[in-house]
Amino acid sequence: MSKDYELATQGVRAGQARTEFQEHSEALFLTSSFVFENARQAAARFAGEDDGMVYTRYTNPTVSMFQRRLAALEGAESCVATASGMAAILATAMVHLKSGDHVVCSNAVFGATIQLFNNVLARFGIETTYVSPTRTEEWARAVKKNTKLLFLETPSNPLTEVSDIAVLSTIARKAGALLAVDNVFCTPALQRPLELGADLVVHSATKYLDGQGRVIAGAVAGSKALVGDPMTAFLRTAGPTLSPFNAWVVLKGLETLQLRMLAQSAAALELARWLESHPKVARVHYPGLASHPQHELAKRQQRAAGSVLSFEVKGAREAAWRVIDSTRLVSVTANLGDVKTTIIHPASTTHGRISPEARAAAGITEGLIRVAVGLEAVADLKDDLKRGLEA
Ligand SMILES: Cc1ncc(COP(=O)(O)O)c(C=O)c1O
């Protein structure tokens, strides 16, 4: 599909391949293997001389459609689909790092990503240094001779700190390292890291790409040299590929991605402004607010501020829990990226295993509540939060 089409069009159309039946909607190929016309064709496929289908751990038409569509959305030459977002990060590390290498990582990435670097990759001789997501000078200082990867997530969870992708890509390039951006919170509908100089984009497609909280899925996008060739080979051999059913669900999710991301961002902005003016709220963290420390950067780097916000209520944990426990509409769950609004108390859940001192240093206060805004009417969301805030 031509690169001239707008993002909304790519989300609906890119990557589709029709069968002989000319189905209008994308077909779901629930098959583990594919048959060959004859022994010669089988041999050619195994030898890689004919790129037809062999086995779903290698390729599958539905998975390929998802990969092509997401590649088009990210402006990437290629994309590989993985069984989960964590499998996407693992595959990135397994393909691009080796024993003796060093990683510089934002200290505000998803908890399992930190566990992957500290508890798994460290056992294979890969060392990681954590730095502030916003202070770029810390990244430059942390780089060593053996640094091969810079890894970040922007905006961060739950404080929505925004990292400067263009500046960090310059630091990576100077160091001879790759820059990987976890684009879960923005998706390509709001932010295209490759255009800002990143080498790799990783996704938990479980979140906004699906958008309706149905499946676990992941992906990595980038050049053919960094993603298409080596990561396809890794996934074929190691096996954390995406199931065709999950690929089909996420493929259909991409059709409404732009619409959802813009509508959810607009709703989050309205809710953030209302919370900021509420007397029981001490602080709101949302990149769309002028009070956000990286508001100008977010405006340059993102098309909209995203659906995640967090706010601190006056009265610490007791007051925060009261707000959460008084809701009747929003879902109390740690997940996000759904059209159903979710709410969680990070200090006692997602960040509960971190020491109170480290939590305080990271700004995860006892009064902090994270909301991932969905597609319900904002007036209903305000009423739901008001009940606990004004109790
Ligand atoms: C920013 C981010 N990256 C990666 C992941 C991991 O994705 P998955 O749960 O699909 O493995 C998550 C999951 O919450 C996430 O929020």
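Placed above this text is the structure.
Every residue gets a number counted from 1 within its own chain, in the order that chain's sequence is written. For a predicted model such as this one, the threshold for reporting local features is a pLDDT of at least 70, and the threshold for listing and counting side-chain atom pairs is 80 or more; totals across whole chains, interfaces and linings nevertheless cover every residue. Hydrogen atoms and water are omitted, and side-chain values are computed over all heavy atoms in the structure.

**Student:** Would you mind showing me how to read the environment of Gly-388 here?
**Tutor:** By secondary structure assignment, the location of Gly-388 is in helix α15 (residues 378-389). Gly-388 sits 63 residues away from Asp-325 along the chain, and the two C-alpha atoms are 7.4 Å apart. In contact with Gly-388, not counting residues within four places along its chain, are Arg-322, Val-323 and Ser-326. Per the convention used, a helix needs a DSSP run of H or I reaching at least four residues, while a strand needs a run of E reaching at least two, with both numbered from the N terminus. Any pair of residues with heavy atoms lying within 4.5 Å of one another is described as a contacting pair.

**Student:** What is the right way to read the pairing of strand β9 (residues 308-313) from this model?
**Tutor:** Where a strand is regular, its side chains alternate between the two sheet faces. Burial analysis of β9 places 6 of its 6 residues in the buried class, the great majority of the element. Burial of β9 is two-sided: the residues Val-308, Ser-310 and Glu-312 facing one way and the residues Leu-309, Phe-311 and Val-313 facing the other way are all buried. Two strands qualify as a pair provided that DSSP identifies no fewer than 2 bridges between them. Relative to β9, strand β8 (residues 281-285) runs antiparallel, the two sharing 4 bridges. In the strand pairing of β9, Arg-283 is matched with Glu-312. Bridge analysis of β9 against strand β12 (residues 368-372) gives 5 bridges, and the strand direction is antiparallel. Within β12, the position partnered with Glu-312 by the bridge is Leu-368. Relative accessibility decides the category of a residue: with a 1.4 Å probe and only protein chains considered, values under 20% of the type maximum give buried, values over 50% give exposed, and everything between is partly exposed.

**Student:** Explain the sheet that holds strand β4 (residues 147-153) here, please?
**Tutor:** Sheet strands pair by backbone hydrogen bonding; their relative direction is either parallel or antiparallel. Spatially, 7 strands are ordered β1-β7-β6-β5-β4-β2-β3 in an open sheet, and the strand pairing comes out mixed. Looking at strand neighbours, the two that pair on one side only are β1 (78-82) and β3 (127-131), the edges of this open sheet. Recorded for the sheet is a direction-independent mean angle of 20 degrees between the axes of neighbouring strands. With 4 bridges joining them, strand β2 (residues 102-106) and β4 adopt parallel strand pairing. Of the residues in β4, the one forming a bridge with Cys-105 is Phe-151. Here an angle of 0 to 180 degrees is reported between the N-to-C directions of two axes, which are lines fitted to C-alpha atoms, with helices fitted over the stretch in contact. Here helix α4 (residues 85-96) sits on the sheet and contacts β1, β4, β5 (178-182), β6 (200-204) and β7 (218-222); the angle it forms with β6, its principal contact strand, is near 150 degrees.

**Student:** I'm lost on helix α13 (residues 316-325) in this one. Help?
**Tutor:** Since there are 3.6 residues in each turn of an α-helix, residues three or four apart along the chain are aligned in direction. For α13, the full list of buried residues reads Ala-319, Ala-320, Val-323 and Ile-324. Viewed along the axis of α13, the buried residues span an arc of 140 degrees, placing them on a single side of the element. Exposed residues lying more than 90 degrees from the buried face of α13 are Glu-318 and Asp-325. Where α13 is buried, its residues contact β9, β10 (331-332), β11 (342-344), β12 and α15. Think of the arc as the fan of directions from the helix axis to the C-beta atoms.

**Student:** Quick question: what am I supposed to make of the packing of aromatic side chains here?
**Tutor:** Each aromatic ring pair is summarised here by two numbers: the centre-to-centre distance and the angle between the ring planes. A pair of aromatic rings is counted whenever rings of Phe, Tyr or Trp (Trp by its six-membered ring) have centres within 6.5 Å, and the orientation is called stacked for planes under 30 degrees apart, edge-to-face for over 60 and tilted otherwise. Under the definition given, this model contains 4 aromatic pairs. With 6.1 Å between their ring centres and 90 degrees between their planes, Tyr-55 and Tyr-58 make a pair best called edge-to-face. Judged by its relative accessible area of 36%, Tyr-55 falls in the partly exposed class. By relative accessible area, Tyr-58 is classed as partly exposed at 30%. Judged by centre distance (5.8 Å) and plane angle (70 degrees), the ring pair of Phe-117 and Phe-151 falls under edge-to-face. Separated by 34 residues along the polypeptide, Phe-117 in helix α5 (residues 111-120) and Phe-151 in strand β4 bring together distant segments of the chain. Since its relative accessible area comes to 2%, Phe-117 is described here as buried. For Phe-151, a relative accessible area of 0% puts it in the buried group.

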